[in-house]
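Observations on the three-dimensional arrangement
What follows is the residue order along each chain.
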Amino acid sequence: MDDGLNAEQRSAVNTLAGPLLVLAGAGTGKTRVVTVRIAKLIRQGIQPDRILAVTFTNKAAAEMKERVGAQLGKRLKSMPVVSTFHSHCVRVLRCHIRKLGYPEKFAIYDRGDQESLARGVLREIRVPGEMLKPSDLLFHIGNWKTKCIRPQDAEAVAETDKEHLAAIAYRRYQAKLKTLGAVDFDDLLLLTEQLFTESQEALREEANRFDHLLIDEYQDTNGSQYRIVKALASGHRNLCVVGDDDQSIYGWRGAEVQHILRFARDWPDATVVRLEQNYRSTAEILEMSNRLIAFNKTRHPKVLKPSRSGGPKPRVEQFKTETEEAEGVVADIQRLLLSPDWEPRDFAILFRTNEQPRAFETELRKVKLPYVLIGGMSFFDRREVRDLLAYLKLLASPDDEVAARRIINTPPRGIGNKTIEQLTSAAVQEGISLWEVMHRPGPMQALAPVARQAVTSFCELIKSFRARVEGGESLVDITRSLLTAIKYEDDLTRTCADENETQARWAAVEEVVNALGAYESKARKPDLRKFIDDVALGDSEFDNEKDKQLKKNAIALMTMHSAKGLEFPHVYVVGLEEGLLPHHRSVEADGDAIDEERRLCYVGVTRAEERLTLTMALTRMKWGKPRETIPSRFLFELIGQADNPHARSAAHAAPARPAQGRRKTGRATSTTRTSPPKKTAAKKAAPKKNVAKKSTSTRPASQRPAGTPPPRKGQRKP
DNA sequence: CCTGGCATCATTTTT
DNA sequence: TGATGCCAGG
């Protein structure tokens, strides 16, 4: 049954017991190995539902489920549990969170909710916006949470004024979450971890639920996840982790490559299997990729070996502006699409930041090529979607203050800021929720009669619909009638500039209703809260939509982050410029930030199966102003001076470069390049490169001005 | 209380 | 450039 597996893959599949680390390079058939392995476990008599596979994204989970299903046929009574960390933690917490003093029906706050909450907290403690913005606060809280620093300890570690302020706000934020019976994304992990340390009973119960634990994308686990994994696996020790340290791109979210790097130390009897045979990309693409990633200092050494030969050479293209970059790329795609070999879905344009796709979108629209913009959590950020979800949340959990605030006066029903202010301060004083305070005679009497009336009827509205939910009526019906009751469509008509916008927004509302309908018809026992959880965790019907989008025959536009795990015949990695691909935040940060950017770039280029195009713009609009750019250092690393005369000449020219500072980029690290690699040269003139091996090992020291800040640690191991 | 206009502000990646 | 916040007028 493991026919067609190579030796490496086979050994990964056959090590069924004990700790196993699979170091799977890009395009080495990792998913296949994992699914075959799971299937094999089941064939050996392991109960499917005693296997827990944890993936990083919902998409990956869905895919894995599908493939395991395909391997085994549908006649299984149960299926392996495939879940993301976050979803699994929700499941665990729903059972045990009482032990931590939270209500069983806790609400999950997404980013938008967090922001509202943060805003409220800052208002309450009267911190003016210029001293600490909600996003700043969340940034700090996020940092602390990923480092497991509790609110009460944050002040001790705070250094700057902002941090001290944030520490105070953090206490309040966390306390508030708790009284509201809500948890944020980080809490899901943090609380699970806490649960496991505080309750042996809960830990035992959860750990005993499975005999085999499998973690995909292990390089992206953060501290909490790492400890949760350890806790769950230390009993049976049947832990299989799969990942590629070279593709660790979530350090900013607390992921630590160290976890995968030291797996063998954590589990001394671990088997380590390397998958290096790449089935995805042409030899030349791989050569570039290998050469690039070799500049990173800390990694499990591995070199991807090609199985494909031939194919067009990877190209580097340089344009004057980002508009021309978009035009150039799109024109190239258009040209290729003339051939019957390719269709739109074979193309992907990968970028670093979310402002980049704009130019490509307009261009693609202009020439009427179908495209999909993946990611960009735009859908849930849309006003109308958030509004409707807030109503649903309020129906599901009465104390959801953030939701309440959002829709208490949407559409306008005569509850203005002043009223809300009064109610809030009363709630703070009495230490109760906004919802509760609306039922206290005292604070209510203090309101102006008109406002009081408005508040009362709002409460009635919510209560009546909540009763219908509890009565078990169809959620879709309830939602439809709710939308009618609040005259939401009228409100949209009123507030939108034109009819198109109204329609678009209403369509989004309908989409939510449809998703609810889909959920309702699929779920055995539909539960509004579960639906809302799924939406918050990105595990909803919407994602199926997104997946369908990907399957739509369209050119894919996405960030390199969201491209992980995907592959396309034609890949355009765009915006290879200093400050953009090594993002300036990473350039300024010290430590391993640049290495992560390099990994990101590596992820980008290794998506390409057939043909890779790297592009950059010589000037790029920033904040409405055109700004000169500098070619990304990765460009030089990718090309490899040994292979390309222009890259070589660039390297030779380098000694001149330390005479820098003429271009006022303000950063000492900037290399004052005057002649970036010429596209034609890179494209055509590249001589046959049988010298790749040599070129990987030596990055001329001269290429980077000596002694410039980001110390080149890029010495690769022998 | 609501709205629209003006100013200001900040620019990464996402479960 | 675009998103958001604040203020003044309705």
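Note that the coordinates shown come from a computational prediction; the quantities given were computed from them, not determined experimentally.

1. Comments concerning the overall build of chain A
A tally of regular secondary structure across chain A gives 35 helices and 18 strands. Counting over 718 residues, chain A shows a buried share of 56%. Within chain A, residue pairs in contact and separated by at least 24 positions form 78% of the contacts whose partners lie at least 6 positions apart.

2. Observations regarding the protein's contact with DNA strand C
The immediate surroundings of DNA strand C are formed by R119, R358, W623 and G624. Split by residue class, the surface near DNA strand C holds one nonpolar, one polar and two charged.

3. Observations concerning the nonpolar core
In terms of nonpolar packing, the biggest core is built from 55 residues, with M438, L528 and F531 touching the most fellow members. With nine residues, helix α18 (residues 383-396) is the largest single contributor of residues to this core. In this structure M438 touches I408, L423, M444, V455, F458 and C459, once residues within four positions along its chain are discounted.

4. What about the packing of helix α6 (residues 134-146) against helix α8 (residues 161-180)?
The geometry of α6 relative to α8 is characterised by a closest axis approach of 9 Å and an angle of 80 degrees between their N-to-C directions. Relative to α8, α6 is oriented roughly perpendicular. On α8, the residues that touch D136, L137, L138, H140, I141, W144 and K145 of α6 are K162, E163, A166, A167, A169, Y170, Y173, Q174 and L177. Of the residues belonging to the contact of α6 with α8, the class tally is 10 nonpolar, two polar and four charged.

5. Section: the protein's contact with DNA strand B
Within the structure, DNA strand B sits among 24 residues, and R352, N354, T419, R494 and W623 are positioned closest to it. Interatomic distance of 2.9 Å between a side-chain N/O atom of H86 and a base oxygen of DNA strand B. At a separation of 3.5 Å, a sugar or linking oxygen of DNA strand B approaches a polar side-chain atom of R253. Breaking the surface near DNA strand B down by element, the ones donating at least two residues are α20 (417-430) and α29 (560-563). Taken together, the residues of the surface near DNA strand B break down into six nonpolar, 12 polar and six charged.

6. Some thoughts on the sheet that holds strand β8 (residues 271-275)
Taken together, six strands build an open sheet; the order of strands is β3-β2-β6-β7-β1-β8 and the sheet is parallel. In this open sheet, the two strands that pair with only one neighbour each are β3 (81-84) and β8. On average, each strand axis in the sheet is inclined to that of its neighbour by 15 degrees, with strand direction left out of account. Along the sheet, helix α11 (residues 223-233) makes contact with β2 (51-55), β6 (212-215) and β7 (239-243), crossing β6 at roughly 160 degrees.

7. Focus: the sheet that holds strand β11 (residues 315-319)
Pairing within the open sheet is parallel, and its six strands lie in the order β11-β16-β15-β12-β14-β13. Two strands bound the open sheet, and with one partner strand each, they are β11 and β13 (371-373). The average undirected angle you get between the axes of adjacent strands in this sheet is 20 degrees. In this structure, strand β12 (residues 347-351) lies alongside strand β14 (residues 555-559), joined through four bridges in parallel fashion. For A348, the partnering residue across the bridge sits in β14 and is A556. Across the sheet, helix α15 (residues 322-337) lies against β11, β12, β14, β15 (568-573) and β16 (608-617), angled at about 155 degrees from β16, the strand it touches most.

8. Re the confidence of the model for chain A
On average, residues of chain A score 80 in pLDDT, and 86% of them reach the 70 mark or higher. Below pLDDT 50 for its whole length, residues 642-718 participates in 115 contacts with residues either more than four positions away or in separate chains.

9. A closer look at the side chain of T615
The topology assignment puts T615 in strand β16. Polar contacts involving the side chain of T615 include one to the side chain of E325, which spans 2.6 Å. The contacts of T615, once residues within four sequence positions are left out, are E317, F319, E325, V329, V573, V574, G575 and L576.

10. Comments concerning the packing of aromatic side chains
In total, this model carries six aromatic pairs according to the counting rule given. Between Y218 and F263, the ring centres sit 5.8 Å apart and the planes meet at 85 degrees, which makes this aromatic pair edge-to-face. With Y218 in the loop between β6 and α11 and F263 in helix α13 (residues 263-266), the pair connects residues that are 45 residues apart, well separated along the chain. When sorted by exposure, Y218 lands in the same class as F263, which is buried. Seen in terms of ring centroids, Y519 and F531 are 5.6 Å apart; in terms of plane orientation they differ by 45 degrees. Their pairing is tilted.

11. A short note on the side chain of T479
Looking at the element boundaries, T479 is found in helix α24 (residues 475-485). Not counting residues within four places of it along the chain, the set of residues in contact with T479 comprises L388, L392, V513 and L516.

12. Focus on the environment of V455
With respect to the helices, strands and loops of the structure, V455 is situated in helix α23 (residues 449-470). C-alpha separation for the pair V455 and R413, spaced 42 residues apart in sequence, amounts to 8.7 Å. Discounting chain neighbours no more than four positions away, the residues touching V455 are I415, T419, L423, M438, M444 and L447.

13. A word on the environment of V587
Mapped onto the elements, V587 comes out in helix α30 (residues 584-588). Along the sequence, V587 and G251 sit 336 residues apart, while their C-alpha atoms lie 14 Å from each other.

The rules behind each value
- Residues numbered from 1 in each chain as written.
- Chains lettered and ligands numbered in written order.
- Predicted model: local features only at pLDDT ≥ 70, side-chain atom pairs only at ≥ 80, totals over all residues.
- Heavy atoms only, no water.
- Helix = DSSP H or I, 4+ residues; strand = E, 2+ residues; numbered from the N terminus.
- Buried < 20%, exposed > 50% of the residue type's maximum accessible area, 1.4 Å probe, protein only.
- Contact = heavy atoms within 4.5 Å.
- Near = heavy atom within 4 Å.
- Nonpolar A, V, L, I, M, F, W, Y, C, P; charged D, E, K, R; others polar.
- Core = buried A, V, L, I, M, F, W, Y, C linked by side-chain atoms within 4.5 Å.
- Axes fitted to C-alpha atoms, helices over the stretch in contact; angles between N-to-C directions.
- Parallel < 35°, antiparallel > 145°, perpendicular 65-115°, else oblique.
- Polar contact = N/O pair within 3.5 Å; in protein donor to acceptor, adjacent residues only side chain to side chain.
- Pairing = 2+ DSSP bridges.
- pLDDT = per-residue confidence, 0-100.
- Phe/Tyr/Trp six-rings, centres within 6.5 Å; stacked < 30°, edge-to-face > 60°.

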